[in-house]
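# Residue-level structure breakdown
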Amino acid sequence: MPTHPDGVRSLSAGRVDAYFADRGILSYHLLNSPNRSGMKLSDQYFTFETYALALPRGDEKLRLLVDATLAELYRTDRVKEIYARSFGSFPPDQFTRALFVINGVPK
């Protein structure tokens, strides 16, 4: 498919039986699809991909600030609020909930 919205539309229209993509991207597009009742996000994981932020090389102060700020966010319920605002009725699965804990490293 040329784009993820094309893939979700093809799935919704029955032109394909399944569409594979990054789980976060799929969650977003399914949430915003006018025909999401006919589609389901599979419980099966086929890959596990990590995310990262690009930061300037050598700026250790900025990296430490970003890491500490994100860890603090993950230690609070704010991350759940942000997740709900982004993905609505798609609750975080067990792996995403585990990432919330893992990324909330203690100070």
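Please refer to the structure higher up on the page.
Below or above, wherever it landed, is the structure these notes cover. (Residues numbered from 1 in each chain as written. Predicted model: local features only at pLDDT ≥ 70, side-chain atom pairs only at ≥ 80, totals over all residues. Heavy atoms only, no water.)

A few words now on the packing of aromatic side chains. Applying the stated criterion to the full structure yields 4 aromatic pairs. Taking the centre distance of 4.6 Å and the plane angle of 70 degrees together, the rings of Tyr45 and Phe95 count as edge-to-face. With Tyr45 in the loop between α2 (23-31) and α3 (60-74) and Phe95 in helix α5 (residues 94-103), this pair connects stretches of sequence that are 50 residues apart. Judged by its relative accessible area of 34%, Phe95 is partly exposed. Between the aromatic rings of Tyr74 and Phe100, the centroid separation amounts to 5.9 Å while the plane-to-plane angle is 40 degrees, which identifies the pairing as tilted. Residue Tyr74 is located in helix α3, and its partner Phe100 is located in helix α5; the two are separated by 26 residues in the primary sequence. (Phe/Tyr/Trp six-rings, centres within 6.5 Å; stacked < 30°, edge-to-face > 60°. Helix = DSSP H or I, 4+ residues; strand = E, 2+ residues; numbered from the N terminus. Buried < 20%, exposed > 50% of the residue type's maximum accessible area, 1.4 Å probe, protein only.)

Let us now look at a nonpolar patch on the surface. Together, Leu53, Leu55 and Leu70 give the surface a local cluster of nonpolar side chains, amounting to about 250 Å² of exposed area. Looking at where Leu55 falls in the secondary structure, it is placed in the loop between α2 and α3. (Patch = residues over 30% accessible without salt bridge, like charges linked within 9 Å, V, L, I, M, F, W, Y side chains within 5 Å. Areas by Shrake-Rupley, 256 points an atom, 1.4 Å probe, with all protein chains shown as cover. Salt bridge = Lys/Arg side-chain N within 4 Å of Asp/Glu carboxyl O.)

Topologically, Val16 is positioned in the loop between α1 (4-12) and α2. Excluding residues that lie within four positions of it along the chain, Val16 makes contacts with Met1, Gly7, Ser10 and Leu11. (Contact = heavy atoms within 4.5 Å.)

Moving on, we come to the pattern of salt bridges. Overall, the coordinates contain 7 salt bridges when judged by the stated rule. Lys40 is paired through a salt bridge with Asp43; the nearest N and O atoms lie 4.0 Å apart. Linking Asp77 and Lys80 is a salt bridge whose minimum nitrogen-to-oxygen distance equals 3.4 Å. Here Lys80 falls in the partly exposed class, since its relative accessible area comes to 47%. Within the structure, one salt-bridge network assembled from shared partners comprises Glu60, Arg63 and Asp67.

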